[in-house]
Amino acid sequence: MKNIIYIKIVENYNDILKNKYTNMPLLFKKFLFMYKYFFNIITKKNTEGINTWVLPINEKYSMRKIKILLKKIHFYDEKIYVIPEKLNNSQIYKIMNDFGIRYLKGDILKKLLIVEVLKYIINIQCITMSNIELTILVNDTSELNMFLIEKLAKETKSIKIVSSKIYKFKKLEERLYEEYGIPIQFSNSHQKSLAKSKIIINLDFNELDISEYRIDNDAIIINCFKEKIKIKSKLFNGIVVNNYKIELLKEIKNKFKKANLFNEYNNFILYESMLNSEKNIFKIYNRIEEDEIIIKNLVGNNGIINKNEFKNICKILDKK
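Every chain is numbered on its own, with residues counted from 1 as its sequence reads. Where local features are concerned, this predicted model is filtered to residues with pLDDT of at least 70; where side-chain atom pairs are given and counted, the filter is 80 or more; whole-chain, interface and lining totals use all residues. Computation of side-chain values: all heavy atoms of the structure, hydrogens and water removed.

**A short note on the sheet that holds strand S3 (residues 50-55)**
Read across the open sheet, the four strands follow the order S2-S3-S1-S4; overall the sheet is mixed. Two strands in the sheet have a free side with no partner beyond their single neighbour: strand S2 (43-47) and strand S4 (80-82). Ignoring which end each strand starts from, the neighbouring axes of this sheet average 35° apart. What makes two strands pair is DSSP finding at least two bridges between them. A run of H or I in DSSP becomes a helix once it reaches four residues, and a run of E becomes a strand once it reaches two; helices and strands are each numbered from the N terminus. Helix axes use the C-alpha atoms of the stretch in contact, all axes being lines fitted to C-alpha atoms, and the angles between their N-to-C directions lie in the range 0 to 180 degrees.

Encoded structure:
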């Protein structure tokens with residue numbers, strides 16, 4: 001985690017002090033805060049091996065001040081930053097993107113938890129993984145995407161890949177069939193590819209890409225793309241999963257609590273920050289299994305998705 005930096009704003013004047021100085025008089029703390037605010041001095045701390053950079057601002061920050069501070073940060077281009085919930089807005093992300101500042105978005109973890117998400121859904125619907133017929137929307141043949149396709153192919157009844165670049169997946173198709181006897185279907189018909197798909201996993205299609213396809217009105221779409229998607233058809237009564245809420249082990253929670261970070265960040269991003277130092281996809285996946293990450297809820301465009309929605313969809317699809 002040496003390249004991971006957790007950005008904080010000042011919740012308490014002690015945030016801008018080293019631990020040995022926290023007993024200083026309040027007046028001194030206020031003066032120090034104003035001094036750091038005026039001169040844009042970032043406080044750098046390390047607790048339990050976790051690097052925290054405290055920006056000299058509180059909740060009443062201005063975008064002008066944020067821009068000045070982020071301009072200072074962008075010179076550390078080898079770092080990857082974790083943003084607290086109170087700075088989670090599109091304007092700040094735009095500034096960071098303009099400066100080329102790298103930050104965690106949860107994209108990798110969304111994909112790596114896809115099997116757990118499927119287990120969450122089928123547990124509600126009282127079906128088994130081996131009975132699932134999946135459709136996967138994918139164009140990019142990244143190592144992570146290829147790993148997930150193979151993983152899903154081995155655990156489900158069948159998979160169909162919908163892609164504008166089908167030729168890129170031919171080697172994977174041949175290997176899965178030769179080594180495991182697993183066939184893969186391919187399609188890119190805008191009218192037929194998704195028309196009968198019950199469960200769709202979107203690995204990298206954007207909303208415009210998906211809108212070109214005819215989709216079953218009662219389908220479940222699990223979106224792993226970096227941006228939210230919404231099906232604009234008025235006939236669509238299915239479910240779109242855009243994010244997940246997870247439960248962390250007590251040991252993991254305590255590590256972040258000691259660094260005074262746990263309550264200020266999204267659990268999802270905090271956990272992804274722990275995985276970032278490992279580059280091997282297999283090791284990351286095994287780490288997630290060892291850490292016993294639990295899916296608490298799935299999140300759609302209107303917030304947490306009620307479990308009854310999955311039950312109702314299952315009944316409708318069964319009738320079809």
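**Regarding the layout of surface pockets**
Put simply, the grid is 1 Å and covers the protein atoms alone, a cavity is a trapped set of points that fit a 1.4 Å probe, a pocket is an open set with protein on both sides within 12 Å along at least five of seven lines, and lining residues have an atom within 4 Å of a point. Grid points are joined across faces, edges and corners, and a volume is the space filled by probe spheres set on the points. Empty space within the largest pocket amounts to approximately 910 Å³. Elements with a contribution of two residues or more to the lining of the largest pocket: helix H3 (90-99), helix H4 (107-112), strand S11 (243-247), helix H10 (267-275) and strand S12 (294-300). Looking at the lining of the largest pocket, the element that brings in the most residues is S11, giving four residues. Partitioning the lining of the largest pocket into residue classes produces eleven nonpolar, eight polar and eight charged. Only Asp, Glu, Lys and Arg are considered charged, only Ala, Val, Leu, Ile, Met, Phe, Trp, Tyr, Cys and Pro nonpolar, and every remaining residue, Gly among them, polar.

**Describing empty space enclosed by the protein**
Under the criterion given, the structure shown has one cavity of 30 Å³ or more. Of the voids in this model, the largest cavity is the one considered here, and its volume is about 60 Å³. If you go around the largest cavity, the residues you meet are Ile7, Leu55, Ile66, Leu70, Ile73, Tyr81, Ile83, Leu87, Ile92 and Met96. Residue assignment for the lining of the largest cavity shows that the elements contributing at least two residues are helix H2 (63-73) and H3. Of the residues forming the lining of the largest cavity, the biggest block, three residues, is contributed by H2. A per-class count over the lining of the largest cavity returns ten nonpolar, no polar and no charged.

**Details of the pairing of strand S7 (residues 184-187)**
Sheet analysis places strand S6 (residues 158-162) next to S7, joined by four bridges and oriented parallel. Pairing of valine 162 across the sheet is with serine 187, part of S7. As a crossover connection, the stretch from S6 through helix H7 (residues 170-180) into S7 is right-handed. With the strands pointing away from the viewer, any crossover whose connection runs clockwise from the first strand over the helix to the second is right-handed.

**Points about the sheet that holds S11**
The strand order across the open sheet formed by three strands is S11-S12-S13, and the pairing between neighbours is antiparallel. Single-partner strands in this sheet number two, and they are S11 and strand S13 (303-304). Note that S11 and S12 share five bridges and pair antiparallel. Paired with isoleucine 246 across the strands is isoleucine 295, a residue of S12.

**Some words on the nonpolar core**
With 70 residues, the main nonpolar core has Ile222, Tyr244, Tyr271, Leu298 and Phe310 as its most contacted residues. Pairs of residues are marked as contacts when any of their non-hydrogen atoms sit within 4.5 Å. Dropping the residues within four chain positions of it, leucine 298 is found in contact with Val117, Tyr120, Ile121, Val241, Asn243, Tyr244, Gly303, Ile304, Ile305 and Phe310. Grouping buried Ala, Val, Leu, Ile, Met, Phe, Trp, Tyr and Cys residues that are joined through side-chain atoms within 4.5 Å yields what is termed a nonpolar core. The buried label applies to any residue whose accessible area, calculated with a 1.4 Å probe on protein chains only, is under 20% of its type's maximum; exposed applies above 50%, and partly exposed to all values in between. Trp53, Leu69, Leu87 and Ile101 belong to the second-largest nonpolar core, a separate cluster that totals 20 residues.

**Focus on the packing of aromatic side chains**
Under the pairing criterion, centres of Phe, Tyr and Trp rings, with the six-membered ring standing for Trp, must be within 6.5 Å; the plane angle then separates stacked pairs below 30 degrees from edge-to-face pairs above 60, leaving the rest tilted. Taken as a whole and judged by the stated rule, the model has 13 aromatic pairs. Ring centres of tyrosine 93 and tyrosine 103 lie 4.9 Å apart, and the angle between their planes is 20°; on these two criteria the pair is classed as stacked. With tyrosine 93 in helix H3 and tyrosine 103 in the loop between H3 and H4, this pair connects stretches of sequence that are ten residues apart. Pairing tyrosine 244 with phenylalanine 268 gives two aromatic rings, centres 5.8 Å apart and planes at 70°, and the pair type is edge-to-face. Note that tyrosine 244 is positioned in strand S11 and phenylalanine 268 in helix H10, a separation of 24 residues in sequence. Each of the two residues, tyrosine 244 as well as phenylalanine 268, counts as buried. Counting every residue linked through ring pairs, the aromatic cluster contains Tyr6, Phe256 and Tyr265. When the NZ atom of lysine or the CZ atom of arginine is within 6 Å of a ring's centre and also within 35 degrees of its normal, the charge is said to sit over that ring. One Lys or Arg, lysine 44, reaches over the ring of tryptophan 53 and ends 4.4 Å from the middle of that ring. Over the ring of tyrosine 37 we find lysine 65; its NZ or CZ atom is 4.1 Å from the centre of that ring.

**A few points about the pairing of S2**
Pairing analysis gives five bridges linking S2 to S3, with the strands arranged antiparallel. Paired with threonine 43 across the two strands is valine 54, which belongs to S3. Once S2 ends, the chain turns through two residues before running back antiparallel as S3, passing glutamate 48 with a positive phi of about 55°.

**Concerning the environment of arginine 102**
Along the chain, the position of arginine 102 falls in the loop between H3 and H4. In the structure, arginine 102 is positioned 24 residues away from glutamate 78 in sequence and 8.5 Å away in space, judged by C-alpha atoms. Not counting residues within four places of it along the chain, the set of residues in contact with arginine 102 comprises Asp77, Glu78, Lys79, Ile80 and Tyr81. Only 3.1 Å separates the side chain of arginine 102 from the backbone oxygen of glutamate 78, close enough to count as a polar contact. Under this definition, polar contacts are N or O atom pairs within 3.5 Å; protein pairs additionally need one hydrogen-donor-capable and one acceptor-capable atom, and for neighbouring residues in sequence, both atoms have to be side-chain atoms.

**Structural notes on a nonpolar patch on the surface**
A contiguous nonpolar patch, built from Phe31, Tyr35, Phe38 and Phe39 and spanning about 500 Å² of accessible area, is present on the exposed surface. Counting through the fold element by element, tyrosine 35 comes out in helix H1 (residues 26-39). What makes tyrosine 35 partly exposed here is its relative accessible area of 41%. Residues forming no salt bridge and having over 30% relative accessible area are the ones grouped into patches, like charges within 9 Å of each other and nonpolar side chains (Val, Leu, Ile, Met, Phe, Trp, Tyr) within 5 Å. Residue exposure ignores everything except the shown protein chains as possible cover, and the areas themselves are Shrake-Rupley values with a 1.4 Å probe. A carboxyl oxygen of Asp or Glu within 4 Å of a side-chain nitrogen of Lys or Arg is what we treat as a salt bridge.

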